[in-house]
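The chain contents come next:
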Amino acid sequence: MDKYPEFPKEKHVKKKAGWKEIPIGGMITKAGSSLLNKTGTWRAFRPIKDDSKCIHCFMCYVHCPENAIRSDGEKVKDIDLDYCKGCGICARICPVKAITMKEEAEFNE
Ligand code: SF4
Ligand code: SF4
């Protein structure tokens, strides 16, 4: 029987990482670590905001589960695509339909 090729070892994975290294209860031990989870990498739909329609009601801002909608404190600015996962909540909640969801594939062409 042929030998299977070895999988390339990823640098960030410890060689002997095991369950004993997971903090009890899966607790997060380092503040701000969620910034490393860039959920935008697996987004299938991208929200596009039409600034001419936006009335800055902040509904999208308060409902976004990823806190991906940026504001300057007075107005809603843009959407941080590093963290937007494309759930579409902002588009559904917007009272003036200023946000539309587009297929991510359209932007990769
Ligand atoms: S699509 Fe979802 S994650 Fe992205 S900005 Fe809208 S509410 Fe936030
Ligand atoms: S919900 Fe719509 S109108 Fe309100 S701030 Fe967001 S994009 Fe603008």
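Everything below is about the structure shown above.
Residues numbered from 1 in each chain as written. Chains lettered and ligands numbered in written order. Predicted model: local features only at pLDDT ≥ 70, side-chain atom pairs only at ≥ 80, totals over all residues. Heavy atoms only, no water.

(A) Spatial organisation of the overall build of the chain. Per the secondary structure count, the chain includes three helices and four strands. N-terminal to C-terminal, the α/β element order of the chain is β-α-β-β-α-β-α. Of all 109 residues assigned to the chain, the portion counted as buried reaches 23%. The contacts of the chain with a sequence gap of at least 6 include a subset with a gap of at least 24, amounting to 62%. Summing over all exposed atoms, the chain offers an accessible surface of approximately 9200 Å²; the carbon and sulfur share of this is 56%. (Helix = DSSP H or I, 4+ residues; strand = E, 2+ residues; numbered from the N terminus. Buried < 20%, exposed > 50% of the residue type's maximum accessible area, 1.4 Å probe, protein only. Contact = heavy atoms within 4.5 Å. Areas by Shrake-Rupley, 256 points an atom, 1.4 Å probe, with all protein chains shown as cover.)

(B) Focus on the site of ligand 2. As a structural note, the neighbourhood of ligand 2 is formed by 14 residues, with Cys 54, Ile 55, Cys 57, Cys 60 and Cys 94 the closest of them. For the shell around ligand 2, the residue count by class is 12 nonpolar, one polar and one charged. (Near = heavy atom within 4 Å. Nonpolar A, V, L, I, M, F, W, Y, C, P; charged D, E, K, R; others polar.)

(C) Fine view of a nonpolar patch on the surface. Where nonpolar side chains cluster on the molecular surface, the patch consists of Met 59, Tyr 61 and Val 62 and spans about 250 Å² of accessible area. Looking at the element boundaries, Met 59 is found in helix α1 (residues 59-63). (Patch = residues over 30% accessible without salt bridge, like charges linked within 9 Å, V, L, I, M, F, W, Y side chains within 5 Å. Salt bridge = Lys/Arg side-chain N within 4 Å of Asp/Glu carboxyl O.)

(D) Local environment of the environment of Leu 35. Along the chain, Leu 35 turns up in the segment before β1 (45-49). Given a relative accessible area of 54%, Leu 35 falls into the exposed group.

(E) Structural detail: unusual backbone geometry. Even without a glycine there, the phi angle at Phe 58 is positive, about 70 degrees. Along the chain, Phe 58 turns up in the loop between β1 and α1. The backbone of Lys 97 sits at a positive phi, close to 55 degrees, despite the residue not being glycine. Its location among the elements puts Lys 97 in the loop between α2 (89-93) and β4 (99-103).

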